[in-house]
Amino acid sequence: MVELLKTDLKRVFKDKLLFVMGILAVVFALLTPLLYAVIFSVGNLSSEPMFASLMYSKGHFFEIFSMTSDMGLIVPVLLAIVLCKDFSHGTVRNKIIAGKHRSSIFLSMFITCALVLVSVIMLSAFLSLGISLIFFDYQATPFTMADFGYFMASLAFEVLVLLFMAALLSWLCACMKKVGIAIVLYVALTFGLLIIGSIIQVCIGILQSAGGNDALLDVLKVLDRINVGMSTMHIGVGNSYTLSDVLYLTLTPLTGILGFLGLGLLTFSKKDMK
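Predicted model, so just to flag it, every value in this text is computed and none were measured.

Visitor: Got a sec to walk through the overall build of the protein? Specific residues and values, please.
Guide: Helix and strand counts for the protein stand at 10 helices and 0 strands. In the protein, the succession of α and β elements from N to C terminus is α-α-α-α-α-α-α-α-α-α. For 274 residues, the compact-globule formula gives about 19 Å, and the C-alpha radius of gyration of the protein, at 20 Å, lands near that figure. Dimensions of the protein along its principal axes, counting C-alpha atoms only, are 60 × 45 × 35 Å.

Visitor: Tell me what's going on with the pattern of salt bridges, and back it up with residues and numbers.
Guide: Summed over the entire model, instances satisfying the criterion amount to 1 salt bridge. Arg-225 is the salt-bridge partner of Asp-245, the closest N and O atoms lying 3.0 Å from each other. Here the residue Asp-245 occupies a position in helix 10 (residues 243-270), and Arg-225 occupies one in helix 9 (residues 214-225), the gap between them amounting to 20 residues. For Asp-245, a relative accessible area of 16% gives the class buried. The exposure class assigned to Arg-225 is buried, which follows from its relative accessible area of 14%.

Visitor: Which residues make up the packing of aromatic side chains, and what are the values?
Guide: Counted under the stated rule, the structure contains 12 aromatic pairs. Seen from their ring centres, Phe-164 and Phe-260 are 5.5 Å apart, and the 65° between their planes marks the pair as edge-to-face. Of this pair, Phe-164 sits in helix 7 (residues 145-175) while Phe-260 sits in helix 10, and the two are 96 residues apart along the sequence. A residue is classified by how much of its surface remains accessible, and Phe-164, at 7% relative accessible area, is buried. Residue classification places Phe-260 among the buried positions, given a relative accessible area of 16%. Members of the aromatic cluster, connected to one another through ring pairs, are Phe-61, Phe-62, Phe-65, Phe-126 and Phe-151.

Visitor: Go over helix 7, please, and point to the residues and values.
Guide: When the terminal C-alpha atoms of helix 7 are compared, their 45 Å separation across 31 residues agrees well with the 45 Å that a helix rising 1.5 Å per residue should span. Within helix 7, 22 of the 31 residues are buried, which leaves it mostly tucked inside the rest of the structure.

Visitor: Pulling in residues and values, what's your account of helix 8 (residues 179-210)?
Guide: In this model, helix 8 (32 residues) spans 47 Å end to end at C-alpha, consistent with the 46 Å of a helix rising 1.5 Å per residue. For helix 8, every residue scored as buried is listed here: Ala-182, Ile-183, Tyr-186, Thr-190, Gly-197, Ile-200, Ile-204 and Leu-207. Among the residues trailing helix 8, Gly-211 stands out with phi positive, at a value near 80°.

How each quantity is defined
Residues numbered from 1 in each chain as written. Predicted model: local features only at pLDDT ≥ 70, side-chain atom pairs only at ≥ 80, totals over all residues. Heavy atoms only, no water. Helix = DSSP H or I, 4+ residues; strand = E, 2+ residues; numbered from the N terminus. Rg over C-alpha atoms; globule rule 2.2 N^0.38 Å. Salt bridge = Lys/Arg side-chain N within 4 Å of Asp/Glu carboxyl O. Buried < 20%, exposed > 50% of the residue type's maximum accessible area, 1.4 Å probe, protein only. Phe/Tyr/Trp six-rings, centres within 6.5 Å; stacked < 30°, edge-to-face > 60°. Expected span 1.5 Å × (residues − 1).

Written out as structure tokens, the structure reads:
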């Protein structure tokens, strides 16, 4: 397993697409805060709800982790191309012939995917935070040790979301014969979660305005919270987490991670490598 992981990481580090990911991480981290600094300087958007979080560096930092952000979509797509090269070039088949267990091969692919995904997104997020602090305050109130604890907890929750993305991507790459299909399915599932979450939130807003139907409202709120695609809308947006927040933000992505890893192991164990 360790030998497989070293081999996979070495191959990914040699791939030019990793360099492309790094460049994009830097570019988006630099341009996005600059763009919003210009937008806020020429227009009075402080009263607009959709821009409220982007008036502070905290919002710019946690926005990077969203599954539908620029980096949240681009990095997994490029990673899928890198991971699927092992299948198209016959590398996986050679590993199996060499006596490596399929479960070890798949888990090594997942760990590699997770390490690269977390590293690139973290790079972009912290660069974005550093640049945005030049133009924006971190938050509306002074930063305290309690805020630092909240920041670290939020970062841990975001890492869980990234691991969920890595598990989903690894499963798709392991079970699809073409990288194009894996990419299309990943993007479709990502936007599917976003669309479903957006519809649910609109329905919640309507029910809250109209009043009544508390049972349906409670069900919709639960569906909203278990939607991993919308998790980042609940991370880093406040000052503390309740017990229910912690449970939703840990159990849901963990269930997804274990589920996709299980599906990946099952699918890959039966996959024809000819």
